[in-house]
Amino acid sequence: MPKKAAAPKGAITIATWNINSVRARLDLMHGFLSEYGPDVLCLQETKVRDDQFPHEVFEQQGYTTRLIKGQPGYNGVAIFAKHQIELSETRMLCGRDDCRHIAARLPDGTVLHNYYVPAGGDVPDAAKNDKFAHKLDVLREMTAWSMELKKKGGREILVGDLNIAPLETDVWSHKQLLDVVSHTPVETGGMKKMQKARDWVDAVRHFVPESEKLYSWWSYRSPNWEAADKGRRLDHVWVSPQLQPNLRGARVIKAMRGKEKASDHAPIIVRLELG
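Residues numbered from 1 in each chain as written. Predicted model: local features only at pLDDT ≥ 70, side-chain atom pairs only at ≥ 80, totals over all residues. Heavy atoms only, no water.

J.: Can you help me understand the sheet that holds strand E7 (residues 111–116) in this one?
T.: Sheet strands pair by backbone hydrogen bonding; their relative direction is either parallel or antiparallel. Judged by pairing direction, the sheet is mixed, and its 6 strands sit side by side in the order E5-E6-E7-E8-E12-E9 without closing on themselves. Two strands lie at the open edges of the sheet, namely strand E5 (86–89) and strand E9 (201–202), each paired on one side alone. Bridge count between E5 and strand E6 (residues 101–105): 3 bridges; the pairing is antiparallel. By the bridge assignment, Glu86 is partnered in E6 with Arg105. Against the sheet, helix H4 (residues 185–198) makes contact with strand E8 (156–161), E9 and strand E12 (235–239), and its axis sits at roughly 20 degrees relative to E12, the strand it touches most. (Pairing = 2+ DSSP bridges. Helix = DSSP H or I, 4+ residues; strand = E, 2+ residues; numbered from the N terminus. Contact = heavy atoms within 4.5 Å. Axes fitted to C-alpha atoms, helices over the stretch in contact; angles between N-to-C directions.)

Laid out in structure tokens, this is it:
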């Protein structure tokens, strides 16, 4: 068994990725970890219960600390690190224990929250679609939670598939997607309220101007996804305000979307100074 590495000094890298079934994409995961090797990796939609989690590929790549919270067939979140981290908490969203959140305390005390927000179904009407209503409830709960974090004034990082593309440049066509779940005004407005509640800093947009198109998800329904480039930015990394000066870089690894048996999401890697 590999020994746990010491906590990295200086800049560390944190990756977030909706893997869309970890067991179905072990080769993809092995390739990503071999090439990019982030210090910390957060996954969403692992789709496997804890006692069946495929630990081997992560152990082989040096991720000796693994925090998992899963269930069979859907949802599921996990955090992996090459050094020692501690489980901070797991939260139920709106009273449902459906494995959508896990948090880790990093060696410097920063708490890393990994979220998978509900997609919300296809009909953007809370009165007609319970899934959409639940998504809006989750946003409201996360907004209240963000307000509580602001009162405490700690150091936090929030990553994950938040299933909302908030900016006009976060979607391939703002006008055509205004009535499509993930970019409706009620969702984008709710996300902006949540961001304001903690003064969360969008780590990726810190480096990529809001005037530039930026996506992290491309639908399986488009066979020519790269040429059509009809994407959305559903995956995010936010940091509390005191960590903004510590940000050193961020990028979407679009190349992973083009791999064999790819997830429809691309991973995001952020580099920052901690310690």
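J.: Where do I start with the state of the cysteines in this structure?
T.: Two cysteines form a disulfide when their sulfur atoms are joined by a covalent bond. Scanning the model with the defined rule gives 0 disulfides in all. Here Cys42 stays unpaired: no disulfide links it, and the sulfur of Cys99, its closest cysteine neighbor, is 16 Å away. Counting only cysteine sulfurs, Cys99 is the nearest neighbor of Cys94, a cysteine outside any disulfide, at a range of 15 Å. (Disulfide = S-S within 2.5 Å.)

J.: Explain the sheet that holds strand E3 (residues 65–69) to me, please; I cannot follow it from the model alone.
T.: Taking strand neighbours across the sheet as the criterion, the 6 strands line up as E3-E4-E2-E1-E14-E13 in an open arrangement whose pairing is mixed. Since the sheet does not close on itself, it has two edges, and those belong to E3 and strand E13 (247–252), each with one partner. Averaged over all pairs of adjacent strands, the angle between strand axes in this sheet comes to 15 degrees, irrespective of strand direction. In terms of strand pairing, E3 meets strand E4 (residues 77–81) through 5 bridges, oriented antiparallel. Each bridged residue has a counterpart across the sheet, and for Arg66 the counterpart in E4 is Phe80.

J.: What exactly am I supposed to notice about the pairing of E6 here?
T.: In summary, the side chains of a regular strand alternate between the two faces of the sheet. The buried fraction of E6 amounts to 4 of the 5 residues, a majority that puts the element mostly inside the structure. Pairing of E6 with E7, which is carried by 5 bridges, proceeds in the antiparallel orientation. Directly across from His101, in E7, lies its bridge partner Tyr115. What sits between the antiparallel neighbours E6 and E7 is a turn of 5 residues, in which Gly109 has the positive phi angle 100 degrees. (Buried < 20%, exposed > 50% of the residue type's maximum accessible area, 1.4 Å probe, protein only.)

J.: Looking at this model, I keep getting lost on the packing of aromatic side chains. Mind explaining?
T.: Two aromatic rings are characterised by how far apart their centres lie and by the angle between their planes. Considering all chains together, one arrives at 10 aromatic pairs under this definition. Judged by centre distance (5.3 Å) and plane angle (35 degrees), the ring pair of Phe32 and Tyr36 falls under tilted. One end of the pair is Phe32 and the other is Tyr36, both in helix H1 (residues 26–36) and 4 residues apart, which spans about a single turn. A ring pair is formed by Phe53 and Phe80, whose centres lie 5.8 Å apart and whose planes are at 35 degrees; its orientation type is tilted. In this pair, Phe53 sits in the loop between strand E2 (40–44) and helix H2 (56–60) while Phe80 sits in strand E4, placing the two residues 27 residues apart along the sequence. Each of the two residues, Phe53 as well as Phe80, counts as buried. Taken together, the ring pairs in this structure connect Tyr115, Trp145, Trp200 and Trp238 into an aromatic cluster. A cation over an aromatic ring shows up here: Arg198 above the ring of Trp200, its NZ or CZ 6.0 Å from the ring centre. When the ring centre of Trp225 is taken as reference, the NZ or CZ atom of Arg257 above it lies at 4.9 Å. (Phe/Tyr/Trp six-rings, centres within 6.5 Å; stacked < 30°, edge-to-face > 60°. Lys NZ or Arg CZ within 6 Å of the ring centre and 35° of its normal.)

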